[in-house]
Amino acid sequence: MTERGPSRPAGDPSSGSVRSTSWTTLLIAAIFGALGGWLIVVIAGALDVVPPYVPWTAPGALAVIAALVGALAWSTHQRIQVRHERIEPERGVAFLVLGKASALAGALVAGGYLSFAMLFLGRWDAEGPRERVIRSLVAVVVAAGLCIAGLLLERACKVPGGDDEDDLEDEDPYQSHP
């Protein structure tokens, strides 16, 4: 008998398992972010207003959030994967949701800032567009860090010895096999 019980099939959505965030999902989020960044510049041009300036607080705030999510991922990994301690189910689900949300938000923001920066590359000689490009690219790198930290937190929430077919490396190497 598995943890799902005898009456729940493996693909049943009520079985209590959550799939890892796929690269396709992250790519789609980045594309939607890129569309948003492009729309901001296009709408500003259509309204004949100056596109928004990217303050240093944007990548700074993203860096703080990425560091916090990364620290939580490391702590959770140490607790669940290394020391094999249990955590409360509600906390585990909350960490998993935070990890997924961080990964998606990081991809979305990275795509948005990347398209925003690319639209100003042609005007690199002027100071305003150059500052937008530099600060946006810094935000892209930090947002990618947030995405990675979210994926690491999501990965840290996996229970060792779970029944994920695609993650054989989660097995305990010290556990005897029949």
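The structure we're discussing is the one just above.
All values reported here derive from a predicted model rather than from experimental measurement.

## Thoughts on the side chain of S102
Relative to the helices and strands, S102 resides in helix α3 (residues 89-118). Overall, S102 belongs to the buried group, its relative accessible area being 7%. Polar side-chain contacts of S102 include one of 2.8 Å to the backbone oxygen of L98. Residues contacting S102, with those up to four places away along its chain left out, are V69, L146, C147 and G150.

## Thoughts on the nonpolar core
Membership of the largest hydrophobic core comes to 24 residues, with the highest contact counts inside it found for L62, Y113 and L153. Secondary-structure elements contributing two or more residues to this core are α2 (57-82), α3 and α4 (127-156). Top contributing element to this core by residue count: α4, with 8 residues. Among all residues touching L153, those that are not within four sequence positions of it are V69, L72, A73, T76, F95, L98 and G99. If you look at the next biggest cluster of nonpolar residues, it comprises 6 residues, including A29, A103, C147 and L151.

## A short note on the environment of T21
Topologically, T21 is positioned in the segment before α1 (23-46). Overall, the relative accessible area of 14% leaves T21 in the buried class. With 130 residues separating them along the chain, T21 and L151 place their C-alpha atoms 7.5 Å apart.

Scoring rules and cut-offs
Residues numbered from 1 in each chain as written. Predicted model: local features only at pLDDT ≥ 70, side-chain atom pairs only at ≥ 80, totals over all residues. Heavy atoms only, no water. Helix = DSSP H or I, 4+ residues; strand = E, 2+ residues; numbered from the N terminus. Buried < 20%, exposed > 50% of the residue type's maximum accessible area, 1.4 Å probe, protein only. Polar contact = N/O pair within 3.5 Å; in protein donor to acceptor, adjacent residues only side chain to side chain. Contact = heavy atoms within 4.5 Å. Core = buried A, V, L, I, M, F, W, Y, C linked by side-chain atoms within 4.5 Å.

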